[in-house]
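Spelled out, the chains give:
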Amino acid sequence: MTRASIATSFALIIIVAVSTALPLTALALGREEVVVKQRQWPWGNASEPYPWLEYLKNLTTVRGIRLIVLTRHDAVIQTRAKTDFLNSQVAKELGIVDIIYDPAGPGLWIDEIERRKAQGIPIDVAWGGGPTLFNLIYSKGYLMALDPSSQPAVNAILYEASKIPDVIAGASSKLYGPGEKIYWVGAAISSFGFTVNLRKLSEYGLPQPNKWIDLGKPEYARYLPALPLITIANPLMSTSNTRIYEIILQSYGWEEGWRVLTLLAANSRIMSSSDEVRDFVIRGDAVAGITIDFYGYIAEAQNPDCKYVIPEGESIVNADPIAVLKDTRYPVHAAAFVAWVLSEYGGQRVWLDRNINRLPINERVFNLPEGRERPELEKAYRRAVETGGIPFDEDLASATELAMQYYFKATLIDAQTDLVSTWAAIARAFLEGRITVEEFNYLTKKLGEPVTFRDPITNQDVKFTLNYAKEITPKIIEKEFAATLNILLQRWREAASAKYLSVYQELQVILTSPKTTPPTSPPPTTETPPTTTPTTTPPTPTTPPEEGTPTITPPGVPLESIATIVIIIVIVGAMAAFLLRRK
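Criteria and thresholds
Residues numbered from 1 in each chain as written. Predicted model: local features only at pLDDT ≥ 70, side-chain atom pairs only at ≥ 80, totals over all residues. Heavy atoms only, no water. Helix = DSSP H or I, 4+ residues; strand = E, 2+ residues; numbered from the N terminus. Buried < 20%, exposed > 50% of the residue type's maximum accessible area, 1.4 Å probe, protein only. Contact = heavy atoms within 4.5 Å. Areas by Shrake-Rupley, 256 points an atom, 1.4 Å probe, with all protein chains shown as cover. Expected span 1.5 Å × (residues − 1). Pairing = 2+ DSSP bridges. Core = buried A, V, L, I, M, F, W, Y, C linked by side-chain atoms within 4.5 Å. pLDDT = per-residue confidence, 0-100. Salt bridge = Lys/Arg side-chain N within 4 Å of Asp/Glu carboxyl O. Axes fitted to C-alpha atoms, helices over the stretch in contact; angles between N-to-C directions. Parallel < 35°, antiparallel > 145°, perpendicular 65-115°, else oblique. Left-handed = near helix turned anticlockwise from the far one by under 90°. Phe/Tyr/Trp six-rings, centres within 6.5 Å; stacked < 30°, edge-to-face > 60°. Lys NZ or Arg CZ within 6 Å of the ring centre and 35° of its normal. Nonpolar A, V, L, I, M, F, W, Y, C, P; charged D, E, K, R; others polar. Arc of directions from axis to C-beta. Polar contact = N/O pair within 3.5 Å; in protein donor to acceptor, adjacent residues only side chain to side chain.

Novice: So what's going on with the overall build of the chain? Residues and values would help.
Specialist: On a plain count of helices and strands, the chain comes out with 22 helices and 15 strands. In the chain, which comprises 583 residues, the proportion classed as buried is 52%. Considering only intrachain contacts with a sequence separation of at least 6, the fraction spanning at least 24 residues in the chain is 77%. Taken as a whole, the chain presents about 25,400 Å² of accessible surface, with 56% of it coming from carbon and sulfur.

Next up, the structure:
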């Protein structure tokens, strides 16, 4: 072999090695990095922040815009986001002069969308409320497909969305529809658990709960009905608590899940909103309350006695969506707002506010000066992403959500007085050693068993099974079903109350029957509630930090990329040495 042929062979090997190494390195850098760098965006090489802004300005001459945003976010998030956005160059250069929030309850979203559309002032953006709610309005055809061929402005959203992986900790962060078009994008991520007040737990002599089922233990029923120690929210008023109930049903299964929910509701004071649940725990008026993660972090910040707990192996990571509505009159401006919310230079910094404490979905925000000031929030982000959760069936949650919410309301809230009376008697008998573990389990299983009732549609006796929930959910949102729904709710309430009375009567039979063996329950307890209930007043919210001109720190090359390149170089060297020896 001549030196020329050796050189030619060596050059070919180098070409093959480089062409192999570059795609592998790009893969190791992450799919979203490759998309951002390689895709040809219509604004060319414009740089951050907001490289799409000049492009959007050229798509419309309309100014003086007031965007209507349908949202489930609380007032603190609304205020901070509105202030930051209206002060941003995006709003100023596109002439967006106001954000008008519409905080309709989740059960009213469809009616609200239709109402405003009929008035000629359709909603522009939906933001916050969870995937199930967004999947519902998607199924009704209300969301705009992010298709640049029909709406060029959505390129801005797609650019910012390309920084976000499609899946985070096993959960989808985007909804893809026909033709692989995106309909919503997650704007934040959340885990779900409960917040406990450690000092109050100690005062009541209670162990820290670690699982959902722990919140339904009889120890928490010692002072019922006068003093509920747990707080939860009405699912028809809280999307985060709705998601927790769905997690419980999928973690434990339908039948056992309803037993867990029944005992949880029996131990609880039921609030009209999730922030009330959080505040009860902060003040020490409850020992625990079920919360989305950022409410737990707020509680920890406002009261050091509080601790947020993610039930290990019994939670999920959830993307909280944002989307443009199909009937918006201002598609360019709506797209700009959504893109701003997704940008690390824009709305992702809102989550860093110490009075908000949400987990950003765009982790690049932690490379900015504001993000580097929140290492504990980044740690919480890493924990949520790395912990993951149960395999959660989003389609199943969507298919049963309305039935679950209304059944919960009818049987566990409307009939709660009867439920608590029976549960308190069972718990007391168990704690005092008057019934056995087996008898306790038997009674609580019957207490939490889904009811059998006369179905107003078929006029047949049916049980509230998973299949029935799937069948009834689509009907609930139909206006012509309203009268039938009222009958259904009444029958659920009546069946639940009758069930609770029946279980109470069975308890009395057990208590009056002669015992052939000594009970295996714990010994009697004589605890009395603490005489003092100290409270903690939440601090006054601080002024949001001033915005600077952040610069993003380029990500380093992952170790996997370096290892790949080194291996390829070694192979190249070995092949070259072999060719030289042949010479």
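Novice: So what's going on with helix α11 (residues 254-266)? Residues and values would help.
Specialist: The first and last C-alpha atoms of α11 sit 18 Å apart over 13 residues, in line with the 18 Å expected at 1.5 Å per residue. Along α11, 11 of the 13 residues are buried, which leaves the element largely enclosed by surrounding structure. Turning to α11, its buried residues number three or more, namely W254, G257, W258, R259, V260, L261, T262, L263, L264, A265 and A266.

Novice: Can you explain the pairing of strand β2 (residues 96-102)? Please cite residues and give values.
Specialist: Burial within β2 is extensive, with five of its seven residues counted as buried. Note that strand β1 (residues 65-71) and β2 share six bridges and pair parallel. Bridge pairing in β2 links I68 to I100.

Novice: How would you summarise the nonpolar core if you had to cite specific residues and measurements?
Specialist: Ranked by size, the top nonpolar core spans 168 residues in total, and within it W52, W127, W258, F337, W423, F464 and W492 carry the most contacts. In this view, W258 contacts L249, G253, M404, Y407, F408, L412, G448, P450 and F464; residues no more than four positions away in its chain are not counted. Among the nonpolar cores identified, the runner-up in size contains nine residues, and M271, V277, F280 and A299 belong to it.

Novice: Talk me through the confidence of the model for the chain; I want residue IDs and the actual numbers.
Specialist: When pLDDT is averaged across the chain, the result is 86; 82% of the residues are at 70 or more. Considering only residues more than four positions removed or in separate chains, one finds that residues 3-37, a stretch of pLDDT under 50, has 44 contacts. Contacts from residues 518-528, a stretch scored under 50 in pLDDT, to residues over four places away or in other chains number 23 contacts.

Novice: Please provide a residue-by-residue account of the pattern of salt bridges, values included.
Specialist: Enumeration over the complete set of coordinates arrives at 37 salt bridges. Note that K57 is salt-bridged to E54, the shortest N-O span being 3.4 Å. Of this pair, K57 and E54 both sit in helix α3 (residues 53-57), three residues apart, which is roughly one turn of that helix. In this structure, the salt-bridge partner of R374 is E376, at a minimum N-O distance of 2.5 Å. Using a relative accessible area of 5% as the deciding quantity, one classes R374 as buried. Here the residues in one salt-bridge network are E48, E160, K163 and E344, joined through shared partners.

Novice: Any details on the packing of helix α10 (residues 239-252) against α11? Residues and values, ideally.
Specialist: At a minimum axis distance of 6 Å, the contact between α10 and α11 shows a crossing angle of 135°. The pairing of α10 with α11 is recorded here as oblique in orientation. As for how α10 packs across α11, the hand of that crossing is right-handed. Residue-level contacts link Y245, I248, L249 and Y252 of α10 to W254, E256, G257, W258, V260, L261 and L264 of α11.

Novice: Kindly report on the side chain of R374, identifying the contributing residues and their values.
Specialist: Considering the arrangement of structural elements, one finds R374 in the loop between α15 (369-372) and α16 (375-387). The contact partners of R374, leaving out residues within four places of it in the chain, are L352, D353, R354, N357 and F366.

Novice: Can you explain the packing of aromatic side chains? Please cite residues and give values.
Specialist: Counting across every chain of the model gives 30 aromatic pairs. Aromatic side chains W258 and Y407 sit 4.8 Å apart centroid to centroid with 75° between the ring planes, which places their arrangement in the edge-to-face category. In this pair, W258 sits in helix α11 while Y407 sits in helix α17 (residues 394-413), placing the two residues 149 residues apart along the sequence. Given the relative accessible area of 3%, Y407 is considered buried. Aromatic pair F366 and Y381: ring centres 5.7 Å apart, planes at 55°, arrangement tilted. Here F366 is found in the loop between β13 (359-360) and α15, whereas its partner Y381 is found in helix α16, with 15 residues between them in sequence. By the burial criterion, F366 is buried, and Y381 matches it. Among the aromatic residues, those joined into a cluster by ring pairs are W254, W258, Y407, F453, F464, Y468 and W492. The side chain of R278 reaches across the aromatic face of Y295, ending 4.4 Å from its centre.

Novice: Tell me about the packing of α10 against α17, and name the residues and values.
Specialist: Their axes nearest at 10 Å, the elements α10 and α17 cross at an angle of 110°. For the element pair α10 / α17, the angle class is roughly perpendicular. Along this stretch, α10 crosses α17, giving a crossing that reads as right-handed. Judged by residue contacts, T242, R243, Y245, E246, L249 and Q250 of α10 engage E394, L396, A397, E401, M404, Q405 and F408 from α17. Looking at the contact of α10 with α17 residue by residue, the class counts come to six nonpolar, three polar and four charged.

Novice: Explain helix α19 (residues 437-448) residue by residue, including any values.
Specialist: Here α19 spans 16 Å end to end across 12 residues, near enough to the 16 Å set by a 1.5 Å rise per residue. Taken residue by residue, α19 has F440, L443, T444, L447 and G448 as its buried positions. Taken down its axis, α19 places every buried residue within 125° of arc, on the same side. Residues of α19 that are exposed and point more than 90 degrees away from the buried face comprise E438 and K445.

Novice: Tell me about the pairing of strand β10 (residues 288-292), and name the residues and values.
Specialist: Counted residue by residue, β10 has five buried out of five residues, so it is predominantly covered. Side-chain alternation along β10 places A288, I290 and I292 on one buried face and G289 and T291 on a second face that is also buried. Note: strand β7 (residues 182-197) against β10, five bridges, orientation antiparallel. Looking at β10, one finds that G193 is bridged to T291. Note: strand β8 (residues 230-233) against β10, two bridges, orientation parallel. What sits directly across from T231, in β10, is G289.

Novice: Account for the side chain of S88, naming residues and giving values.
Specialist: Residue position: S88 is located in the loop between α4 (75-86) and α5 (89-94). A distance of 2.6 Å separates a polar atom in the side chain of S88 from the backbone oxygen of F85.

Novice: Account for the environment of F430, naming residues and giving values.
Specialist: Of note, F430 is situated in helix α18 (residues 416-431). According to the relative accessible area criterion, F430 is buried, its value standing at 10%.

Novice: If you had to explain unusual backbone geometry to someone new, which residues and values would you point to?
Specialist: The residue after E48, namely P49, is reached through a cis peptide bond having omega -5°. Cis rather than trans, the peptide bond between L224 and P225 has omega equal to 0°. The topology assignment puts P225 in the loop between α9 (198-203) and β8. Not every positive phi belongs to a glycine, and Y50 is a case in point at roughly 60°. Within the secondary structure, Y50 is located in the loop between α2 (31-38) and α3. Its relative accessible area of 8% is what places Y50 among the buried residues.

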